[in-house]
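Overview (structure and organization)
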Amino acid sequence: MLKASLAAAFLAVMFLSPAYAAGDLCNDAHMKQMDEMIAKMTDAAKKEEATMHLDMSKAEMKKGNTAECMKHMDEAHKAMGM
Ligand SMILES: [Cu+2]
């Protein structure tokens with residue numbers, strides 16, 4: 001129960017933060033958060049989908065392509081049920 005409310009609080013901070021709108025999610029700190037959140041996923045198929053999109057998102061981040069990075073990030077978020 002405590003874990004669930006912590007996750008909810010984390011999501012609230014993540015999405016209410018003004019940084020979310022600016023494409024600022026394409027950074028190492030957020031990628032680390034994504035890794036941790038995906039690691040906690042229990043649906044194997046969705047987890048695989050989220051991991052795949054996160055990998056593509058990271059690859060675009062390395063190229064400095066924020067638009068593509070955010071596109072894959074969004075797909076990863078959807079797979080995570082967000
Ligand atoms: Cu994300």
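On to the coordination of the copper ion, then. Only H30 (NE2), M34 (SD), M73 (SD) and H77 (NE2) from the protein coordinate the copper ion, and they sit 2.0 to 2.3 Å from it. Geometry at the copper ion is tetrahedral, judged from the four donor atoms that bind it and their angles of 97 to 134 degrees at the metal. All donors of the copper ion come from a single chain, and their spacing in sequence reads H-x3-M-x38-M-x3-H. Of the two residues, H30 and M34 are both situated in helix α2 (residues 28-39); the distance of four residues between them amounts to about one turn of the helix.

Helix length check: α2 (twelve residues) gives 16 Å between terminal C-alpha atoms against 16 Å at 1.5 Å per residue, within 8%. Along α2, the residues that are buried comprise H30, M31, M34, M37 and I38. Buried positions in α2, seen along its axis, are confined to an arc of 125 degrees and lie on one side of it. Away from the buried face of α2 by more than 90 degrees, exposed residues D28, A29, K32 and A39 are located. Between a side-chain oxygen at the N-terminus of α2 and the backbone nitrogen of A29 the separation is 3.1 Å; the capping residue is N27.

In contact at an axis separation of 12 Å, α2 and helix α4 (residues 66-79) are set at 20 degrees when each is read in the N-to-C sense. Overall, the two elements α2 and α4 adopt an arrangement that is roughly parallel. Viewed along their axes, α2 and α4 form a crossing whose handedness is left-handed. Residues H30, M31 and M34 of α2 touch α4, and the partners they reach there are C69, M73, A76 and H77. The residue inventory of the contact of α2 with α4, partitioned by class, reads five nonpolar, two polar and no charged.

The rules we used
- Residues numbered from 1 in each chain as written.
- Predicted model: local features only at pLDDT ≥ 70, side-chain atom pairs only at ≥ 80, totals over all residues.
- Heavy atoms only, no water.
- Donors = N, O, S within 2.8 Å, 3.2 Å for Na, K, Ca; no water.
- Tetrahedral: all angles 85-135°; square planar, octahedral: opposite > 155°, others 65-115°.
- Helix = DSSP H or I, 4+ residues; strand = E, 2+ residues; numbered from the N terminus.
- Expected span 1.5 Å × (residues − 1).
- Buried < 20%, exposed > 50% of the residue type's maximum accessible area, 1.4 Å probe, protein only.
- Arc of directions from axis to C-beta.
- Polar contact = N/O pair within 3.5 Å; in protein donor to acceptor, adjacent residues only side chain to side chain.
- Axes fitted to C-alpha atoms, helices over the stretch in contact; angles between N-to-C directions.
- Parallel < 35°, antiparallel > 145°, perpendicular 65-115°, else oblique.
- Left-handed = near helix turned anticlockwise from the far one by under 90°.
- Contact = heavy atoms within 4.5 Å.
- Nonpolar A, V, L, I, M, F, W, Y, C, P; charged D, E, K, R; others polar.

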